[in-house]
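# Summary of the model geometry
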Amino acid sequence: MPRYVECPEPFEGLFESAEGLLEPIFEQLEVSSGEGDVSIAGERYVMYRGDSMAVALRRQLEKVLGASTPTIIYQFGKACGSADARYVFEKTGAEDPALRLALGPVAFAMGGYAKVKILPQSAPAPDDSFLLVYDHPNSYEARAFINHGIETDKPVDHMNAGYSAGWCGEAFGLKLEAKEIRCRARGDDQCLFVMAPASRIRERAREIEESLG
């Protein structure tokens, strides 16, 4: 059974394989505080507090960008997800699109973004029928809003959404987008996302919302 991802039973073997590829990489953590260097498998990493990224950075961006802030954060997350995916694919030698996708939620959890729960409605495919429905329990963005008592009437997990869309798009060679339709920060019981090709994301999100009632 996978340790980092919750998923329907047919996907368990795939995520176990992904964990087997990534665990040896993340175990190569080296912290050289005297040199100001944190590395994993020889690759430089920079650590930020979740609250600083989710709240403080957002507030500063809002002063400059106003209503465009969520889009900018989403696109930043998407760029990071795409770049990290390409790095991990090369590092692990993974070529199968399904395995490449599975590596994403594992890396996501190991990186501290959130745990990922893949829901049964998901049907990843290398064409415009691609659909991924997933929950991010313990999302760092929603958790920061809740911890700070910040009230919102909109979903806030823009970095989470963008990162996952960027990664999965690289895995399948598709232009994918992700939309959060439920968010704990606004009082919902989960942080629920729908991912689909850009041309179908609104349609797919609406379908899932209607199916949930």
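See the structure printed just above.
Everything numeric here is computed off the predicted structure, so don't read it as measured data.

## Re unusual backbone geometry
You will see that Ala41, though not glycine, has its phi angle at about 55°, which is positive. At Asn138, a residue that is not glycine, the phi angle is positive and equals roughly 65°.

## Observations concerning the packing of aromatic side chains
Scanning the entire structure with this criterion turns up 8 aromatic pairs. Each ring, one from Phe108 and one from Tyr163, has its centre 5.5 Å from the other, and the planes form 55°; the classification is tilted. With Phe108 in helix H4 (residues 97-110) and Tyr163 in helix H6 (residues 158-172), this residue pair connects regions lying 55 residues apart in the sequence. The class of Tyr163 is buried, set by a relative accessible area of 4%.

## What to know about the sheet that holds strand E3 (residues 37-40)
What the 3 strands build is an open sheet, ordered E2-E3-E4; its pairing is antiparallel. Two strands lie at the open edges of the sheet, namely strand E2 (29-32) and strand E4 (43-45), each paired on one side alone. Taking the axes of each pair of neighbouring strands and ignoring which way they run, one obtains an average angle of 30° across the sheet. Both E2 and E3 contribute to a ladder of 4 bridges, which runs antiparallel.

## Notes on the pairing of strand E8 (residues 192-197)
With 6 of 6 residues buried, E8 lies mostly within the body of the structure. Direction of pairing for strand E6 (residues 132-135) relative to E8: antiparallel, over a ladder of 4 bridges. Bridging from a neighbouring strand, Asp135 pairs with Leu192 of E8. Two strands pair when backbone bridges link them, and strand E7 (residues 176-182) and E8 are joined in this way by 6 bridges, in the antiparallel orientation. The residue of E8 that forms the bridge with Arg182 is Leu192.

## What about the packing of helix H2 (residues 50-65) against helix H3 (residues 69-92)?
Direction vectors running N to C along H2 and H3 enclose 125°, while the axes themselves pass 9 Å from each other. By the angle between their axes, H2 is oblique relative to H3. The interaxial crossing formed by H2 with H3 has right-handed handedness. On the side of H2, the interface is formed by Met53, Arg58, Leu61, Glu62 and Leu65, while H3 contributes Thr69, Ile72, Ile73 and Phe76. Classifying every residue of the contact of H2 with H3 gives 6 nonpolar, 1 polar and 2 charged.

Definitions and limits used
Residues numbered from 1 in each chain as written. Predicted model: local features only at pLDDT ≥ 70, side-chain atom pairs only at ≥ 80, totals over all residues. Heavy atoms only, no water. Phe/Tyr/Trp six-rings, centres within 6.5 Å; stacked < 30°, edge-to-face > 60°. Helix = DSSP H or I, 4+ residues; strand = E, 2+ residues; numbered from the N terminus. Buried < 20%, exposed > 50% of the residue type's maximum accessible area, 1.4 Å probe, protein only. Pairing = 2+ DSSP bridges. Axes fitted to C-alpha atoms, helices over the stretch in contact; angles between N-to-C directions. Parallel < 35°, antiparallel > 145°, perpendicular 65-115°, else oblique. Left-handed = near helix turned anticlockwise from the far one by under 90°. Contact = heavy atoms within 4.5 Å. Nonpolar A, V, L, I, M, F, W, Y, C, P; charged D, E, K, R; others polar.

As far as function goes, none of this settles anything; it's purely spatial.
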